[in-house]
Structure formats: C-alpha cells, structure tokens
Amino acid sequence: MTRRWISGAIGVLALALAACAPGGGASGQGDDAGAGADKVTLSLWSWRVEDVKAYEKILAKFEESHPKIHVEFKPFQATEYNNILATGLSGTGGPDVAQLRAYGGLQPLVEAGQLVPLDGKVEALSGFDGKLLEGAKGYRDGKIYGVPFAYQTLQVLYNKKLFGDHGIRPPATWDEMIAAADKLKAAGITPFAVAAGPDATWTLPIVHEIFGNARYGGTAFRDAVLRGEKKFTDPDFTASIKLIEDLKPYFPKDVVAVKIPDVQALFVSGKAAMYPTGTFDLAPVLKADPSLEIGVFQVPPPPGSPVTTPVTPGWADGSFGVNAKSAHQAEALELVKWMATPEFGQLYANELKQLSAVPGVTPSDPLLAEMAGNYAANGAPYMLLVDFRYGQPNGDAVFRDELQKMLTGQAEPKAVAESVRKGVEQWFKPGN
C-alpha cells in the first residue's frame, strides 16, 4: 500500500553542535587513544536517559565480541531529542549510531539524506516482522533505515490484590468491566489511573486506543480510511471517542490536572486499581514497587463494536540507524548488525523489560510474554500513530488536544472527530 505524505520542516533548536554532541561521533574525534590507534569509539545517541545502566550492560556484551570497538551511550531528554538529533546529523559532530523515531518521526531524517539505507547491509532484517519494519522505512523509497529494537502493546494493567480483596476478576465483557469500576469507586478506589495534565496529553490517544479500538473497527476501519472509503467522522469512530467521555467518572478527580508521575503513583500505591497503558510502563511501575502483583487484560469490546473479540493495539517503537556522515560507518554497521541478533534482543528484553523486535526472542517476564501473545493473536495498529503522523497537522497531536478539550467540557465527541478529519485531510490523500 502506498501513501502520500507531505514532509514538514523540522523545527531545529538553535543549539551549538559542540553543546549537544559528545566527543567523537561523525567528526571522527572519538578514537580511544589510550587503547591504541586501532580502537574506535562509536557514539550512540538515545532519548532514554532512564536506560543508561541497562545499555552499559548490554553494550559491554557487544564489546566482548568486538574488542576494537568501544560504544559510548549518550542519552538526551526525550522531549528535546528530535531537535538535538536533527542538529547533530546535519553537521559533523553527530552520533555514529542513533536511536530513531518510527513512522512519521523518521521521515524528515530520510528526506534530508542523513541516514544510511540498510538494505543488503544487515541481512538479518529479512527475517523481521514486516509490520515492525514499516516503522523503519522511507515511505517514498521503501528502503530500511534502521534495525527495529522494540514494539509496544496497549492494554490494562491491574492490581491483583485489589481485585482479590473486592472479589473482582479480569472482565470478560464490557459490562463486567464497568461493574468492577463501580464497585471499586464505591470503595474509595480510583478505577482507572489516567492522566490528562499538560505533560500527559500524549497518553490520551493511547487510552482511546485501549478502550476504543474495537469500537471503531480496528484494522478493518484503518484500512477503509486509507482507501478513502471511510472518514474519521464515521459513526463508529465518533462512538469510540464518546467512550472516553463516558469513562471520565472512573478516572482520577480533576483528571486534566493529573500528571504522569501522579498517575503512576496512584497505581503503585494501590489508590487506583487499573492502569490503561503501554508495555513501556511495566518496568517503571515494578521499579517503584517490585512486590506489586500485577495482572493484565485486554479490554472487552464495547457494545456496538464491529469487532467482537478483544484487541491489543501496538506499534513499532523505533530503530537504530547509521549516520550518513559517520567517519566510522564500517564499525557502526557492525553495531547495528549485532542489534539485529537474538543476543541483543534477549539482553534488551531482559534488562529493559520490553518486547524485543528481534525474531525469536522470548520475553522472560511472564507479563511481557502474555502481552506478546495477545498482540500475536489479536494485534491491531495504533492507527493515528502508525499512519497519520506524516504531515502537518499531525493527526495524533490534533486528537490528543481535542480529547483534552472534551474532558474539560469544551468539545463534544462529534466535534473531536471533525477536528481530526479536517486536520489530516490537509495533507493525507487516500490511496496515494
């Protein structure tokens, strides 16, 4: 399927390259002189400041089998990373290998010619799941620019103890889920840990996907929109938006002021029983309280859903690519080749409690394994992220802002749907 997107200009912060780039990288100044002139130091940039210790352990394994290569892991704040990376790749002080956003977040770098196509260079990519590779491809040339490192799935985490204390089982139907929420609320427990504050609006489309994907029709609806047969003002999509309005009484009080750390604390402390979120939140929650007994369930289809079985939405989280200006491309390719191996994939899954994109990797964590199984059996794309971030306005960004307005009483579900339609139709042309 081909799709036309209009590449918007990236806003680049006025950052001096020396300030944002580590010593080394594409400038070729990172050779480890103390280890001899034949040893190369690669710079690896990431948006995961919280993963430093894990990556140090993971990359130490790479260095054991590649003694002439040293890798410096350099993370930046996630909210600043896109601009810092664009600045770094445009000059000579950028990384040798970079963690890349997926889908629409990748495309401006591809258009600028800042990445090395990996087709034919990383043979293991031929065995990767095609759905995950889509997030690492250029949409105009179809080339692969990164090795996918993870995928995320969306579902509801729940506190097993709270469920047991109140005689609640994981719901098999929508009505059972609402009955459980009513019971918990009556006991003074917040049913669903949801944040909609200024730092958390990006989570609102995720919450919508978890509760509403089946209601709007999942993959079938997405395909119909891409073909031009349906629009975001379709009654089923509008009904899926109304679900979030209807569920608001089960969210934290003053939800539009609740921040992400607050909502995680609610769940970890047992003040909230269910947490609709992505795989990415499992590790932080367990780090906050390793003794917390967590279960997971897929949301049962709401009444009126075109889809009659539970759905687990998901997407490719990102990839690792090679800077076209790297002075050490051969060594950088060795690193990304290794990142396509089961050794890297298993280390990634074990150390970071994430779902590795590498084929054949089995999560050691039973909850991750359950999430992976649900996605394999009932997976559907997180539509607005996967397909509608390729132009301006970004469909996912429009949706998050409109959902917040709805939760403050400033917009009705139909108006939210209309805003999304108007936004994406400024650049999206079906079938192209």
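Refer to the structure printed above.
Quick summary incoming for the structure in this document. (Residues numbered from 1 in each chain as written. Predicted model: local features only at pLDDT ≥ 70, side-chain atom pairs only at ≥ 80, totals over all residues. Heavy atoms only, no water.)

Some details on the overall build of the chain
- Helices and strands together make up the secondary structure of the chain, namely 18 helices and 10 strands.
- Against the 2.2 N^0.38 benchmark of 22 Å for 432 residues, the chain shows a C-alpha radius of gyration of 22 Å, consistent with a compact globule.
- Reported as C-alpha extents along the three principal axes, the dimensions of the chain are approximately 70 × 50 × 40 Å.
- Contacts in the chain between residues at least 24 apart in sequence constitute 77% of all its contacts with a sequence separation of at least 6. (Helix = DSSP H or I, 4+ residues; strand = E, 2+ residues; numbered from the N terminus. Rg over C-alpha atoms; globule rule 2.2 N^0.38 Å. Contact = heavy atoms within 4.5 Å.)

Examining the packing of helix α2 (residues 52-65) against helix α14 (residues 342-352)
- With their axes 10 Å apart at the nearest point, α2 and α14 run at an angle of 160° to one another. As summarised for this structure, α2 and α14 are arranged roughly antiparallel, according to the angle between their axes. Both α2 and α14 take part in a crossing whose hand is right-handed. Residues Ala 54, Tyr 55, Lys 57, Ile 58 and Lys 61 of α2 lie in contact with α14, whose contacting residues are Glu 343, Phe 344, Leu 347, Tyr 348, Glu 351 and Leu 352.
- Class assignment of the residues belonging to the contact of α2 with α14 gives a composition of 7 nonpolar, no polar and 4 charged. (Axes fitted to C-alpha atoms, helices over the stretch in contact; angles between N-to-C directions. Parallel < 35°, antiparallel > 145°, perpendicular 65-115°, else oblique. Left-handed = near helix turned anticlockwise from the far one by under 90°. Nonpolar A, V, L, I, M, F, W, Y, C, P; charged D, E, K, R; others polar.)

Structural notes on unusual backbone geometry
- Of note, the bond from Gln 392 into Pro 393 is cis; its omega dihedral lies within 30 degrees of zero at 5°.
- When you line up the elements, Pro 393 lands in the loop between α16 (383-387) and α17 (395-407).
- Residue Tyr 103 is not a glycine yet carries a positive backbone phi of 55°.
- Within the element layout of this structure, Tyr 103 appears in the loop between β3 (97-100) and α4 (107-111).
- Since its relative accessible area comes to 2%, Tyr 103 is described here as buried.
- One non-glycine residue with positive phi stands out, namely Lys 353, at about 50°.
- Taking the relative accessible area as the measure of exposure, Lys 353 reaches 28% and is therefore partly exposed. (Buried < 20%, exposed > 50% of the residue type's maximum accessible area, 1.4 Å probe, protein only.)

Looking at the packing of aromatic side chains
- Evaluated as defined, the whole model comprises 31 aromatic pairs.
- On the numbers, 6.4 Å between centres and 40° between planes, the contact of Phe 76 with Tyr 81 is tilted. Here Phe 76 matches Tyr 81 in class, with each residue buried.
- On the basis of an interplanar angle of 80° and a centroid distance of 5.3 Å, the ring pair of Trp 315 and Tyr 382 is categorised as edge-to-face. In this pair, Trp 315 sits in strand β8 (residues 312-322) while Tyr 382 sits in the loop between β10 (379-381) and α16, placing the two residues 67 residues apart along the sequence. (Phe/Tyr/Trp six-rings, centres within 6.5 Å; stacked < 30°, edge-to-face > 60°.)

Everything listed here is a matter of coordinates, which is why it stays silent on function.
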